[in-house]
Amino acid sequence: MKVPYGKDEQFAIEVPQQQLTGVFNPNKVERVDADAAIDQALAHPFDEASFAQFMDTDERVVFIVNDGTRPTPTAKILSHIYPQIKDKNIYFIIATGVHREPTEEEYDFIFGHDIYQDLKAKHRVHSHDCHHDPMEFLGKSTNGTEMYINKIVADADKVVPISSIEPHYFAGYTGGRKSFLPGVASYDTISENHYLALQDSARALKLKGNPVHEDMMDAMHVLKDINIFAIEMVLDSHHDIYAVTTGDLSKSFYAGIDKAKEVYGVQIPHKADIVISVAPYPMDVDLYQSQKALDNGKLALNQDGILILVAKCRTGIGPKPFYDLLSSEKDAQAVLDKIHHSWKLGYHKAAKMAQIDTWAQTWAVTDLTDDQMRNVHFKPFHDLATAYAAAVAEKGTDASVIVLPAGSMTVPEVVSQP
């Protein structure tokens, strides 16, 4: 079988049929006419006038768009609306959260080359910097998270967040409220919210009782004085648009969740001894982002099994606190112990990653150096066939195998027995 790697590469492996539990992708869903879905959603939003009416203003409208680590087809949306809005008082901010500024290649991916060049020439694009940008305090969530968001957004008359909804390993799902928190929030605000991710109830597909999601939703009340028109998309396994919802921030988000469940919740007959989970492009940008594939992969793995992460990690490890924590201790349990005594943003991913390593083996096929991978408690490989052969040699030729070619977006659920 062929297993994707990076943007255009593949690995070839042979898994005997008697060992293969299955190759599981996001569920196949009916193809839709994306252009029609976009136009329909823009014309018929939740609790708002149409997008055309929303934009019938001389006031400044700030668009919040995802960075290059998300597969969000922002450029597709802009191809529909940019001719209508290009002469308006518009401005775009990249919802980086704590991520770095996009590269020029990523800017082209986000906006489309021609639109990006036009926006760039008119100085209408800003990449959010959670450390240095001016922030404005809008209030607190019930949990106590202090909501500081970028002044560009706080001072806007109208805001249009454009995002996509897919599973998120501790927020339940991306989309909606995440455009604001963490998207354009301050470092301290993001840190306070993400600290809640250490709780077991913060996990993929879970919203009710998820402390991270509930804190995010509660914090959104501070935006009550900002006129918001949300544009949400749900993608299928080919990264094509499956559904579009618009209008009210919460209602469009929850309507999108209903569609996302049809795509991403994947049933498996049982867990396996060896799981190969891929972080597909562009979610393979670094190990920090690729961790989502690891966290989803664990849901298909037997205890004491081998989880093989396949992720190019094009730009390296990711945020320094994440790497510093994982590499500061000799084993995963020591990392978890350290987290109990201190907290820094970036530790949530390290914690989730370390937790797996306390009950199973974590291996990885990446472009990172062997030392980098060993330092963060992975057994390093650069070829999947080699890694798979080593896993079979260790677990035996009767070991069961599951492959997740889009592990970042596939959330396995064991089929309940009647």
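Nothing here was measured: the structure is a model prediction, and the numbers come from that model.

A.B. asks: Help me get a handle on the overall build of the protein chain, residues and values and all.
C.D. replies: A count of helical and extended segments in the protein chain gives 15 helices and 21 strands. Here the protein chain has a C-alpha radius of gyration of 21 Å; the compact-globule value for 418 residues is 22 Å, and the two agree. Dimensions of the protein chain, computed from the C-alpha atoms along their principal axes, are close to 70 × 50 × 45 Å. Residues counted as buried form 58% of the 418 residues belonging to the protein chain. Across the protein chain, contacts joining residues at least 24 apart in sequence account for 76% of those joining residues at least 6 apart. Of the roughly 16700 Å² of accessible surface on the protein chain, 47% is carried by carbon and sulfur atoms. For the protein chain, the distance from the average site of its 39 positive side-chain charges to the average site of its 58 negative ones is 2 Å.

A.B. asks: Outline the packing of helix 3 (residues 74-85) against helix 4 (residues 104-111), supporting the account with residue identities and numerical values.
C.D. replies: Axis separation between helix 3 and helix 4 bottoms out at 5 Å; the angle between their running directions is 50 degrees. Considering their axes alone, helix 3 and helix 4 lie oblique with respect to each other. In contact with Thr74, Ala75 and Leu78 of helix 3, helix 4 contributes Phe109, Ile110 and Phe111. When the residues that make up the contact of helix 3 with helix 4 are grouped by side-chain class, the tally is 5 nonpolar, 1 polar and no charged.

A.B. asks: Residues and numbers for a negative patch on the surface, please.
C.D. replies: Negative charge collects at one region of the surface, where Asp56, Asp58, Glu59 and Asp157 lie side by side. Along the polypeptide, Glu59 turns up in the loop between helix 2 (51-54) and strand 4 (61-66).

Cut-offs and rules
- Residues numbered from 1 in each chain as written.
- Predicted model: local features only at pLDDT ≥ 70, side-chain atom pairs only at ≥ 80, totals over all residues.
- Heavy atoms only, no water.
- Helix = DSSP H or I, 4+ residues; strand = E, 2+ residues; numbered from the N terminus.
- Rg over C-alpha atoms; globule rule 2.2 N^0.38 Å.
- Buried < 20%, exposed > 50% of the residue type's maximum accessible area, 1.4 Å probe, protein only.
- Contact = heavy atoms within 4.5 Å.
- Areas by Shrake-Rupley, 256 points an atom, 1.4 Å probe, with all protein chains shown as cover.
- Lys, Arg positive; Asp, Glu negative; His and termini not counted.
- Charge placed at Lys NZ, Arg CZ, Asp CG, Glu CD.
- Axes fitted to C-alpha atoms, helices over the stretch in contact; angles between N-to-C directions.
- Parallel < 35°, antiparallel > 145°, perpendicular 65-115°, else oblique.
- Nonpolar A, V, L, I, M, F, W, Y, C, P; charged D, E, K, R; others polar.
- Patch = residues over 30% accessible without salt bridge, like charges linked within 9 Å, V, L, I, M, F, W, Y side chains within 5 Å.
- Salt bridge = Lys/Arg side-chain N within 4 Å of Asp/Glu carboxyl O.

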